[in-house]
Amino acid sequence: MISTSKNQIMKIALCYKSEKIADETISSIKEKILSYGFELDDSKPDVVLFIGGDGTFLRAVHQYYNELSKVKFVGLCKGHLGFFYSYDESELDVLFSDLKRGVCKSESHHLLSAKVDNEEIYAINEIRIESPFHTLISDVYINGESLETFRGNGLVVSTSLGSTAYNKSLGGAVIYPQIPSMELSEIAPINNTIYHSLHSSLIVDKNSEIVLKTKTDNILLGYDHLNKNLHLASSISLRLSDKVVILLRNKDYSYTKLLKSKFVGDK
Ligand code: NAP
Ligand code: MN
């Protein structure tokens, strides 16, 4: 159910990449929103409608980060993989009628947070450290205990929801998003008789802490579509945050069906 305070008109914000979606498409979606009796409001919306690809959802979550307790997200897929979407272009009326009747399924997803040298960052898919040209060296601690000294191109810590993104390309397991967890996956690990790491993905429960103590300079810290440089060796403490993102799905949505349609296919 979508809760707006009693007798209040639901306010909807649109998120899209203006270079990817035609102005006419946006105008006709706006008209439809008004014709269903909703209001358009980008600053204090009840619902953020993201239109485009999965990257648009990531950008929408970061844009409305300070409003996450009040905002719900729903996606209209337009010509992309669309893992976060449950309505496609042809289903505008279904979407607005579901919103009006409050029959969408509501999912909560914990953000991943990292404390990096006293600064806090967060992600919905994953947080990662990467160094493509010089071997990245990082100590890895799980709940205060040393696991390994990793050497390779990088390490990715993914949420369950993000497990189908970068994590999957690294051979990590896909995790049903209703199981809150963090998954640590390796990028091009060096494994020989001198250097060893676990050499498989590792899934830890929602209360765990993963600490990465990097020993090399000039590492890239990636979080969703964003990144920054870590010029000096750093300590990165990763946990699942209490902050949740609420994603609305259509009432027929099933994760298994989604996996089949996006990754396996029908043949
Ligand atoms: P992008 O390069 O367009 O994203 C790469 C692909 O990942 C796109 O096809 C995107 O779908 C898809 N995707 C994003 N989140 C997903 C999820 N949770 N499950 C399944 N697929 C997902 O860049 P972007 O759109 O800014 O997205 C940033 C994300 O790209 C990062 O969070 C990271 O997960 C991913 N990435 C993947 C690799 C890799 O697989 N080697 C490398 C770097 C980054 P859309 O086309 O619908 O946007
Ligand atoms: Mn994208």
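Starting afresh in each chain, residues are numbered from 1 along the sequence in its written order. Lettering for chains starts from A, numbering for ligands starts from 1, and both go in the order in which the items are written. At least 70 in pLDDT is required for a residue's local features to be given in this predicted model, at least 80 for side-chain atom pairs to be given and counted, and no such filter applies to totals for whole chains, interfaces and linings, which use all residues. Note that the side-chain values use all heavy atoms of the structure and ignore hydrogens as well as water.

This part is about the environment of Thr 216. Helix and strand assignments follow DSSP, with helices taken as H or I runs no shorter than four residues and strands as E runs no shorter than two, numbered in order from the N terminus. Here Thr 216 lies in the loop between β13 (210-214) and β14 (219-223). Judged by its relative accessible area of 19%, Thr 216 is buried. As for Thr 216 and Ser 131, which are separated by 85 residues in sequence, their C-alpha atoms are 9.1 Å apart. Ignoring anything within four residues of it in the chain, the contact list for Thr 216 reads Thr 135, Leu 136, Ile 137, Leu 232 and Ala 233. Type-normalised accessible area, obtained with a 1.4 Å probe on protein chains alone, sets the label of each residue: buried when under 20%, exposed when over 50%, and partly exposed for intermediate values. Contacts between residues were defined by any pair of non-hydrogen atoms, one from each residue, lying within 4.5 Å.

Before going further, it helps to spend a moment on the packing of aromatic side chains. In this analysis, rings of Phe, Tyr and Trp, with Trp reduced to its six-membered ring, are considered paired at centre separations within 6.5 Å, and the interplanar angle assigns stacked below 30 degrees, edge-to-face beyond 60, and tilted for intermediate values. Per the counting criterion, the structure on display carries eleven aromatic pairs. Ring centres of Tyr 36 and Phe 38 lie 6.4 Å apart, and the angle between their planes is 10°; on these two criteria the pair is classed as stacked. Of the two residues, Tyr 36 and Phe 38, both sit in the buried class. Relative to Phe 57, the ring of Phe 50 lies with its centre 4.8 Å away and its plane at 45°, an arrangement referred to as tilted. Residue Phe 50 is classed as buried on the basis of its relative accessible area, which comes to 0%. In textbook terms, an aromatic cluster arises when at least three aromatic residues are bridged by ring pairs, as seen for Phe 50, Phe 57, Phe 73, Phe 84 and Tyr 85. Placement of a positive charge over a ring is assigned whenever Lys NZ or Arg CZ falls within 6 Å of the ring centre and within 35 degrees of the normal to the ring plane. Over the aromatic face of Phe 38 sits the side chain of Lys 100, whose NZ or CZ is 5.3 Å from the ring centroid. Positioned above the aromatic ring of Tyr 141 is the side chain of Lys 213, whose terminal nitrogen or guanidinium carbon lies 5.0 Å from the ring centre.

In short, the description is geometric, and any link to function would need to be established separately.
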